[in-house]
Amino acid sequence: MKLGEIKIEALYMCFANPDLVTDYEDTESLVETLYQLKSDPNLSDYLNASVGAVNRCLAYFEIKGLSPIGSVTVRHGRFNEENGLLKFKLSELSSNILRVKQIFSVDSTGNILPVGYLEEKDGTVLAESHGMDFTVEYWEKIPKISHSTADSYEIMLPDCLCRLIPYFVKGDILRVDDPDEARESARIFKELCEGVVKDGCALPQSVSSLYKMG
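From a predicted model like this one, the values you see are computed outputs, not experimental measurements.

**Focus on the packing of helix α3 (residues 44–63) against helix α5 (residues 165–173)**
Interhelical geometry of α3 versus α5 gives an angle of 120 degrees and a closest axis separation of 8 Å. As judged from the angle between their axes, α3 and α5 are oblique. Regarding α3 and α5, the two cross each other, and that crossing is right-handed. Touching Y46, A49, S50, A53, V54, R56, C57, L58 and F61 of α3 are I165, F168, V169, D172 and I173, all from α5.

The following block contains the structure:
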């Protein structure tokens, strides 16, 4: 879902304007619609505020464990072992790791062996060594936006989550002007998020590998 579409949908929820019609698949039409909205002094401040609101929504998704799930397989010997423990930085595996979901190994018969670990605040991980390759499954960081981000930018989340962002944005940007509407929109957003957590959502996954050096 494009960033511009999210902005427009949020504004439509706040201030219905049937005179503005856009084709979200047509980037030129999307940009033209946003230009008209930004040219309206009554709406431009809301559009500017929507950037921070979108980022706060993405951070909320991260906190709730709704960001995409990635994994990286580390070959045995990649990190030194001491007293049966491996110590490494998550940044050594990927710059996109938000936090660890689980660590596991797979033995020669295909059995999955959970690996005990401790994740410290600075991104250091202490993990049990099973003397074999292990996989770190993790929640990914969700890329944030800025005021210079193009309105054609695709939010890197599945549609079932992107469709919820306008509710959050409405609840965020109307807090002062219409607190009742803001609270209701925030309530709907959280209720829908709970449904996503309960029923699941097709989150994209990525896989990469780090091989033993030598």
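What follows continues from the structure just given.
**Topic: the packing of helix α1 (residues 3–14) against α5**
Interaxial distance between α1 and α5 falls to 8 Å at its minimum, and their mutual angle equals 55 degrees. In terms of orientation, α1 and α5 fall into the oblique class. In the crossing of α1 with α5, the sense of the turn from one axis to the other is right-handed. Each of I6, E9, A10, M13 and C14 in α1 lies in contact with α5, whose residues at this interface are I165, P166, Y167, V169, K170 and I173. Residue composition of the contact of α1 with α5, grouped by class: nine nonpolar, no polar and two charged.

**Focus: the packing of aromatic side chains**
Each aromatic ring pair is described using two quantities: the centre-to-centre distance and the angle formed by the ring planes. On inspection of all chains with the given rule, the structure shows seven aromatic pairs. Seen in terms of ring centroids, F79 and F88 are 4.9 Å apart; in terms of plane orientation they differ by 15 degrees. Their pairing is stacked. With a relative accessible area of 10%, F79 lands in the buried category. By relative accessible area, F88 is classed as buried at 2%. Members of the aromatic cluster, each reached through a chain of ring pairs, are Y60, F61, F168 and F189.

**Points about the nonpolar core**
Core analysis: the biggest nonpolar cluster contains 38 residues, and V54, L58, F61, I155, L157, I165 and F189 have the highest contact counts within it. Residue assignment for this core shows that the elements contributing at least two residues are α1, α2 (27–38), α3, α4 (159–162), α5 and α6 (179–199). If sequence neighbours within four positions are ignored, L157 has contacts with L58, F61, L66, P68, I142 and C162. Judged by nonpolar contacts, the second largest core, of 16 residues, contains V74, F88, L93 and Y138.

**Notes on the sheet that holds strand β3 (residues 85–89)**
One open sheet holds the four strands; their spatial order is β2-β3-β7-β6, and the pairing between them is antiparallel. With one partner strand each, in any of the chains shown, β2 (81–82) and β6 (117–119) form the two edges of the open sheet.

**Observations regarding unusual backbone geometry**
At N83, a residue that is not glycine, the phi angle is positive and equals roughly 55 degrees. Residue position: N83 is located in the loop between β2 and β3.

**Observations concerning the environment of V74**
Here V74 shows up in strand β1 (residues 69–74). Residue class for V74 comes out buried when judged on its relative accessible area of 0%. As for V74 and M132, which are separated by 58 residues in sequence, their C-alpha atoms are 9.1 Å apart.

**Overview of α3**
For α3, built from 20 residues, the straight-helix expectation of 28 Å at 1.5 Å per residue is met to within 8% by its first-to-last C-alpha distance of 30 Å. Of all bends in α3, the biggest is about 30 degrees, found at S50. Phi for G65, located one or two positions after α3, is positive at around 75 degrees.

**Structural notes on the pairing of strand β4 (residues 97–106)**
Relative to strand β8 (residues 134–140), β4 runs antiparallel, the two being bridged by six bridges. Residue pairing for β8: R99 is matched across the bridge by W139. What sits between β4 and strand β5 (residues 112–114) in their antiparallel hairpin is a turn of five residues, with G110 showing a positive phi close to 90 degrees.

**Some details on the side chain of E5**
Of note, E5 is situated in helix α1. For E5, a relative accessible area of 7% gives the class buried. Excluding anything up to four places from it in sequence, E5 contacts Y24, L30 and R163.

Parameters and conventions
- Residues numbered from 1 in each chain as written.
- Predicted model: local features only at pLDDT ≥ 70, side-chain atom pairs only at ≥ 80, totals over all residues.
- Heavy atoms only, no water.
- Axes fitted to C-alpha atoms, helices over the stretch in contact; angles between N-to-C directions.
- Helix = DSSP H or I, 4+ residues; strand = E, 2+ residues; numbered from the N terminus.
- Parallel < 35°, antiparallel > 145°, perpendicular 65-115°, else oblique.
- Left-handed = near helix turned anticlockwise from the far one by under 90°.
- Contact = heavy atoms within 4.5 Å.
- Nonpolar A, V, L, I, M, F, W, Y, C, P; charged D, E, K, R; others polar.
- Phe/Tyr/Trp six-rings, centres within 6.5 Å; stacked < 30°, edge-to-face > 60°.
- Buried < 20%, exposed > 50% of the residue type's maximum accessible area, 1.4 Å probe, protein only.
- Core = buried A, V, L, I, M, F, W, Y, C linked by side-chain atoms within 4.5 Å.
- Pairing = 2+ DSSP bridges.
- Expected span 1.5 Å × (residues − 1).
- Bend = angle between axes of the 7 residues up to and from the residue.

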